[in-house]
Every structure is written in structure tokens, then in C-alpha cells.
Amino acid sequence: MFDPLGLICMIWWYMMLLRPLHADIQCMEYAQESPLTNVNMDWRKMELSWESSRNFSEYKCTITDRDMEYIDIKAYSPLCNFSVGVHIPLHKGVFFIIEVPNTNISKQCTFLPGGMNGSAIENFSCVIYNIFLMNCTWQAGRDAPADTQYFLYWQKSREDNQMECKLYIKDENSRNMGCIFQNVSIGTEKAYFLVNGSSKDSLIQFYDEYIDLYKIEILTAPLNVAAHCTRDSAGCIITWHPPLTSNNEKAKCFEYEISIQNKDEPNKEKNPPHVRNNRYEFQNYNEKKRYTLRIRARGKNCLVSKNWGEWSEPIEFGRGEDYFIFVILFLTALGTISITLLLYCLFKRYCSFKSIFPPIPQPRDKFNADEDIQTEYVSLPTKSHTEEVARIEE
């Protein structure tokens, strides 16, 4: 490899700027003819090969990506295999060098994806959920022609066959903007994703990426969450089972967050405990309180996503105070008093008891009828008379 490496990289990127976009591989040529010719790269197998007009016992190969991260290996034939530990996306461009140690013989080549600038997809992301489903989405290139159609391919590992999406997600213009994969399993190798495009107007740039599938999994909730409460000092014993994953990791691979909230004070919990086993003792248990319990998980020291997964369905435990009957009785009494006062006010405002309840006439007493008549008669006015007495004398 030439020294310094930084100078070589500067020359490489300068060549990339001048390189036609439709070219794949271009190698630097010098006045002196190099014995290394016909350089080729199998990108799926990450194998760099060439031909040599002279027999050399040893070669050195270096591959560098755009972020200046490089890998160099030794080879004893015109073939360098970078398949172990090298996962370099190609859409950014790749620079590689073939050298013959202890000589000045070398070959420097660059790879640039062809196509129209700004036509490749953007914001590519994938997520695994419900154990076996994977959803990938992207956005169309900002300068892609209107008729551009995209196609997604992926490989679980380099040993697996490349598969195209069978269930595309389309936008209102029937353009493929995502894909749903079924029966996905998580392996130990990085998966390779490739999205290319087609248009009748121009060549579309591709986009590729290597992804650790376990890192994009949304863990399901822990299973069989239960709380066993007693009145002794142990309080409540909370148990559960690990969440299900497609790679079937053991219980030791998870960390759990336990949320226990008092229903009377739901915002009081600040620092929920984290545990590594499947059992937790809740010592602040008060049987007169009512609690809500939820648990979620994330990976710890294993090939499991380190992001918190989904919460379990909330379960309640604890007896709690029976305030319901008191509330019902209070509301009933309050309602009765209110209705009584309302009726009283209405009666007083618009009605009287005499109009509502008139007096019942009494029957006349026949035994007192003459007395009444006599009384009336006596009470009539009478005329006064002068009584004259005549005496007759004998």
C-alpha cells in the first residue's frame, strides 16, 4: 500500500468527481504497464480478483469506503476475499488497492454507482415486529423522475439467496415505497438490503445497506405476568416469562423494567426498578391500596435489541378501599335532598295548599233546621203596637 494512505484517498476522490456516473470500476494507469490486469469485484461475495502476467508469491489487498474505514488482507493468489468482517455499502463508492510487497507494483481502482444524482431512495429503514414480520420503508429520491419505480432485494447472509419483496407498500401513484416480509428469522450475520430503480428517462442510482436484524427488532411484551401478594413481610412476588423472539434467546439475555403505580397516586412513580431475572419482590405493598403493574424488556449482553420493547398489558392487584358504596349513598342522599327542596320552592312559588286541597263542604243537620228557622224568624224586625185598655164601669 502506498504511503501515505491519505494522499491516495485524496487522489481517489478526485477521480470519483471526474468519473462518468454510468461507470462501475476504473483503475489508475501509469506510463509503465502494470502486470496486474482485468481487475474485477464480486460484490455479493466480496471477492476481489485480477490477472497477473508474472508469478508473485504474495499480494496485499486494501479496501476503503467513503468514511475512510479500510481493511487490508494478505493473499497468495490473484484473489482477495473480504467476506469475513467487511460490510461496506457500495452506493457511496469504494476504493481498493492491490499491491505486491517489496516492489513498486500496485493497482488502484475505484467503484462508483451509476445513475442520475439524487435518484436513489432516501431515509431507508426497517423494523421487525410480532416476532416474524419485517417492515421496510423509504422515500423516493428528491431528483428522481416521476415515473421511477423502486425494487427491494435482501439477503439474510452471504450464503443465502437474494430475495425480492413480494408484498410492496405503494403510494397514491402506485410507486413502491415500502415492503412487508413474512416469516423472518434473525441470524448472527448482517443482512444485506439493496433498492434499485428504473425509469424510461434516465438511469437510477441504487441504495444498499447492511443491517444487524436483532438491532431493529421491537421486542414483544413479557409473558404470563402475575402478582402473588400476602400479608407477611415478603409483600408481593411478581413473576413473568421472557418475551418471544425469532432467535430464541435465553432469559439471561434480557433486562426488565417494572412499572408499579398506585391507582390513587398514578404520577408518583419516578424510577421504576430494573432487574435481570424473572422475579421481583415488591416490598412496599399495602393491601388497602390498588396497584397497576406493567413490564417491558430489552436485550442485555446478547444478540437482542437494546431498545425497550412493548409494555405488557396492565394488571391490577391489591384489595383497595371500598369507596364505591359510600359514594353511591352520598349521591343518593344528596339527590333526594335536592329534589325535595326543588319541589318545595315550586309549590311555594306557584301554588297554595288551599287551591290544591280545597275544603270539603259539610252536610246540613236536619235536627237544627227549625232552630235555624226560628232564629231567622226572631231576628226579623217587628212593628210596635200601642195597647189601649178600656174600662167599663157598672
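Provided above is the structure to which this section pertains.
Let us look at the structure shown here. (Residues numbered from 1 in each chain as written. Predicted model: local features only at pLDDT ≥ 70, side-chain atom pairs only at ≥ 80, totals over all residues. Heavy atoms only, no water.)

1. Description of the pairing of strand E9 (residues 122-129)
Part 1 of the argument: Pairing of E9 with strand E10 (residues 133-139) involves six bridges; the strand directions are antiparallel. Bridge assignment links Tyr 129 to a residue of E10, and that residue is Leu 133.
Part 2 of the argument: From the end of E9 to the start of E10, which pair antiparallel, there are three residues, and Asn 130 there has a positive phi angle of about 50°. (Pairing = 2+ DSSP bridges. Helix = DSSP H or I, 4+ residues; strand = E, 2+ residues; numbered from the N terminus.)

2. Thoughts on the state of the cysteines
Part 1 of the argument: Under the criterion given, the structure shown has five disulfides.
Part 2 of the argument: Here Cys 229 is linked by a disulfide to Cys 236, with a sulfur-sulfur distance of 2.0 Å. A torsion of 110° about the S-S bond marks the disulfide between Cys 229 and Cys 236 as right-handed.
Part 3 of the argument: Exposure remark for Cys 229: the relative accessible area of 30% places this residue in the partly exposed category. (Disulfide = S-S within 2.5 Å. Buried < 20%, exposed > 50% of the residue type's maximum accessible area, 1.4 Å probe, protein only.)

3. Observations regarding a nonpolar patch on the surface
Part 1 of the argument: Taken together, the side chains of Ile 339, Leu 342, Leu 343, Leu 346 and Phe 347 present a nonpolar region at the surface, about 490 Å² in accessible area.
Part 2 of the argument: Of note, Phe 347 is situated in helix H2 (residues 323-350). (Patch = residues over 30% accessible without salt bridge, like charges linked within 9 Å, V, L, I, M, F, W, Y side chains within 5 Å. Areas by Shrake-Rupley, 256 points an atom, 1.4 Å probe, with all protein chains shown as cover. Salt bridge = Lys/Arg side-chain N within 4 Å of Asp/Glu carboxyl O.)

4. With respect to the sheet that holds strand E16 (residues 207-211)
Part 1 of the argument: If you trace the four strands from one edge of the open sheet to the other, you get E12-E11-E15-E16, paired in antiparallel fashion. The open sheet terminates on both sides in strands that have one partner only, identified here as strand E12 (163-164) and E16.
Part 2 of the argument: Relative to strand E15 (residues 191-198), strand E11 (residues 149-155) runs antiparallel, the two sharing seven bridges. In the strand pairing of E15, Gln 149 is matched with Ser 198.

5. A word on the sheet that holds strand E18 (residues 236-241)
Part 1 of the argument: The strand order across the open sheet formed by three strands is E17-E18-E21, and the pairing between neighbours is antiparallel. This sheet does not close on itself; its edge strands, each paired only once, are strand E17 (223-229) and strand E21 (279-282). Here the average twist between neighbouring strands, direction ignored, is 15°.
Part 2 of the argument: As judged from the four bridges shared by E18 and E21, these two strands associate in the antiparallel manner. When the bridges of E21 are listed, Ile 238 appears paired with Tyr 280. (Axes fitted to C-alpha atoms, helices over the stretch in contact; angles between N-to-C directions.)

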